[in-house]
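The chain contents come next:
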Amino acid sequence: MRKPKIKSNTKSKISVQIIRSAQLPDYDIKLGDRLIRQLRIPTDSPVQLAFGSFKQEIQVTSGGKSNSLALSPSIFSNTGLLPRTTMNVRYYPAEKTLKLGPLIGVMVSRYQPDEPDKPFGSISAFCLEMVNAAKKQGAYVYFFTPDMIGTNPSTLEAIAYDTGWIKLSVPAPDVINNRLSTRKLENSPSVQHFMREVKSRYSTQIFNEKFLDKSDVFEALGTNAKLQKYLPESYLLSGYPTLKKMCAAYRTVFLKPVRGSLGKGIIRISRQENGHYQTMTTSLEGIKKHTYSSLTNLFSSLSGKIKKTRYQIQQGLDLIRINKRNVDFRALMHKDKSGKWAVTSIVARIAGGNHFVSNLARGGTLSSVKDALAMSVIPLSAKQTAPARMNQAALDIADGLEAAIPYHFGELGIDLAMDTTGRIWLLEVNSKPSKSENAPLNADSKVRPSAVRLIQYCQYLTGL
């Protein structure tokens, strides 16, 4: 992967409260003397104020003993800043630029102003946590949909949080976290044009910039010798010979839509004792079962689906089970404040009722890794080492994916499984992990760790 360009500075950042001063001329800012000294900002010549794509030449004037940064109403209006916001500031002497930020834009699929409790649908609670994490760390975050992108990439409409959600005109951000939930939106000409423009014009960093296809992931990781032990045999289903080969090698195989999510449309194929084949398919109504007298009959039945949808065929695994229900594990990975992959959380997911997939969208339930392993029947030695081995597997896979796929990711959901011998396997990698499937918040916290990590990574990317 191409490495993001990191803007570094030897001086540590300083957080200050931003206040609105009606008395200030448009091109003046007022800063306390102590802060001027700490930041080493010249007051005898103009400098540039930068906030995302917003740039304006300003004169720094003394604010005496004040610990705040006073800006004119004009600057507030042009930046979308909210009064009494605490922001990180840094002065870059080579560019004579005083930078506020980081300014973070989260690109989301929808905004519903008529639903104030859930304006962003299922990720609304997480969006508010991002706001709270940004406030604590001196960053500024806003949310925007593809509909809010205008013809001029330097400004866009966005939703920010003050005492409630409000719509503002804002500069293009320093960093964009792509949380679009469909490929159709992500691949729309307006979104693609916007992402190209802000990258080239303002050096905006964009992470999780695309969906991952299952076939791409397994093909990319398959060349890495270190990762072989985690990879079930897996191919893009190209026709009957591939199906025949896999069904001869394994009693159970899975067909997974290459672009599927939330367990939709997965087909489990099992060879029966009498030589017949049974399919089980996930659907909104539950599991649909069909039995076929031969593999050729089964393939004929599936041929219509295969023409419309690309499938990955994958070796079936003898997974650990709890109360006859399959168990897998979601490792939530983030780039941390040092720009390295870190495990934020790993949770066990237990399949619901009649389902063979464990997604919460299919009735699955969450458990801690420790509790799930305690109820499993894997050997004790494997049980004791499993948590550390899962952590290492998730880190190895995230590093391997970054090395093999030329896109920028800052967050990944890595689905792991464990067989009855205690061996760890990779099921799939999700570049837009659901925010409803992670571990619950701590009772004393209003912000889950993943929100904190995302803000910290944006700070790393910008040097702010």
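Quick caveat, the model's predicted, so the values are computed rather than measured.

For the rest of this paragraph, the subject is the overall build of the protein chain. For the protein chain, the count of helices and strands is 11 helices and 25 strands. On the principal axes, the C-alpha backbone points of the protein chain span a range of 90 × 50 × 40 Å. Within the protein chain, the proportion of its 464 residues that are buried is 56%. Of the contacts made within the protein chain by residues no fewer than 6 positions apart, 67% connect residues no fewer than 24 positions apart. Put simply, the protein chain shows about 21000 Å² of open surface, and 50% of that area lies on carbon and sulfur atoms.

Another aspect to go through is unusual backbone geometry. Following Gly-101, the chain continues into Pro-102 via a peptide bond in cis, with omega recorded as 5°. In this structure, Pro-102 sits in the loop between strand 7 (97-101) and strand 8 (103-107). One non-glycine residue, Asn-323, lies in the positive phi region at around 50°. For Asn-323, the location among the structural elements is in the loop between strand 20 (321-322) and strand 21 (325-335). The residue Lys-324 is not glycine, and still its phi comes out positive at about 65°.

As a further point, take the nonpolar core. By size, the foremost hydrophobic cluster in this structure holds 71 residues, and its most contacted members are Tyr-140, Phe-143 and Phe-144. If you count residues domain by domain, this core takes at least three from each of domain 1 (14-100) and domain 2 (103-207). When sequence neighbours within four positions are dropped, the list of residues in contact with Tyr-140 reads Phe-51, Gly-80, Leu-81, Leu-82, Thr-85, Met-87, Pro-102, Leu-103, Ile-104, Ala-134, Ala-160 and Leu-168. Of all hydrophobic cores here, the second largest spans 40 residues; its members include Ala-220, Leu-373, Ile-397 and Phe-409.

Turning to the domain arrangement of the protein chain, a few remarks are in order. Parsing the protein chain into structural domains produces domain 1 (14-100), domain 2 (103-207), domain 3 (233-315) and domain 4 (319-431). Summarising the inter-unit geometry, the C-alpha centres of domain 3 and domain 4 are found 24 Å apart.

Let us now look at the pattern of salt bridges. Throughout the structure, instances matching the rule amount to 17 salt bridges. Between Asp-328 and Arg-349 there is a salt bridge; the shortest N-O distance is 3.1 Å. Pair noted here: Asp-328 is in strand 21 and Arg-349 is in strand 22 (residues 341-350), with a separation of 21 residues, a long-range link. By relative accessible area, which is 8% here, Asp-328 ends up buried. In this structure, Asp-415 engages Arg-330 in a salt bridge whose closest nitrogen and oxygen atoms are separated by 2.5 Å. Taken as a pair, Asp-415 in strand 24 (residues 411-418) and Arg-330 in strand 21 lie far apart in primary sequence, 85 residues in all. Since its relative accessible area comes to 4%, Arg-330 is described here as buried. Residues joined in a network through salt bridges with shared partners are Arg-183, Asp-213, Arg-259 and Arg-310.

Right, let's get into the packing of helix 3 (residues 124-137) against helix 11 (residues 449-462). As a packed pair, helix 3 and helix 11 sit with axes 8 Å apart at the nearest point and diverge in direction by 50°. Considered as vectors, helix 3 and helix 11 are oriented oblique to each other. Considering only the axes of helix 3 and helix 11, their crossing is right-handed. Touching Phe-126, Glu-129, Met-130, Ala-133, Ala-134 and Gln-137 of helix 3 are Ser-450, Ala-451, Val-452, Leu-454, Ile-455, Gln-456 and Gln-459, all from helix 11. Class assignment for the residues of the contact of helix 3 with helix 11 results in eight nonpolar, four polar and one charged.

We now examine the side chain of Asn-177. Counting through the fold element by element, Asn-177 comes out in strand 12 (residues 175-178). On the basis of relative accessible area, Asn-177 is assigned to the buried category, the value being 1%.

Another aspect to go through is the packing of aromatic side chains. Summed over the entire model, instances satisfying the criterion amount to 11 aromatic pairs. Ring plane angle 65° and centroid distance 6.2 Å describe the contact between Tyr-142 and Phe-144, whose orientation is recorded as edge-to-face. Since its relative accessible area comes to 0%, Phe-144 is described here as buried. Taken together, the ring pairs connect Tyr-111, Phe-120, Phe-143, Tyr-161 and Trp-165 into an aromatic cluster.

Cut-off values and rules
Residues numbered from 1 in each chain as written. Predicted model: local features only at pLDDT ≥ 70, side-chain atom pairs only at ≥ 80, totals over all residues. Heavy atoms only, no water. Helix = DSSP H or I, 4+ residues; strand = E, 2+ residues; numbered from the N terminus. Buried < 20%, exposed > 50% of the residue type's maximum accessible area, 1.4 Å probe, protein only. Contact = heavy atoms within 4.5 Å. Areas by Shrake-Rupley, 256 points an atom, 1.4 Å probe, with all protein chains shown as cover. Core = buried A, V, L, I, M, F, W, Y, C linked by side-chain atoms within 4.5 Å. Domains from an automatic or database assignment. Salt bridge = Lys/Arg side-chain N within 4 Å of Asp/Glu carboxyl O. Axes fitted to C-alpha atoms, helices over the stretch in contact; angles between N-to-C directions. Parallel < 35°, antiparallel > 145°, perpendicular 65-115°, else oblique. Left-handed = near helix turned anticlockwise from the far one by under 90°. Nonpolar A, V, L, I, M, F, W, Y, C, P; charged D, E, K, R; others polar. Phe/Tyr/Trp six-rings, centres within 6.5 Å; stacked < 30°, edge-to-face > 60°.

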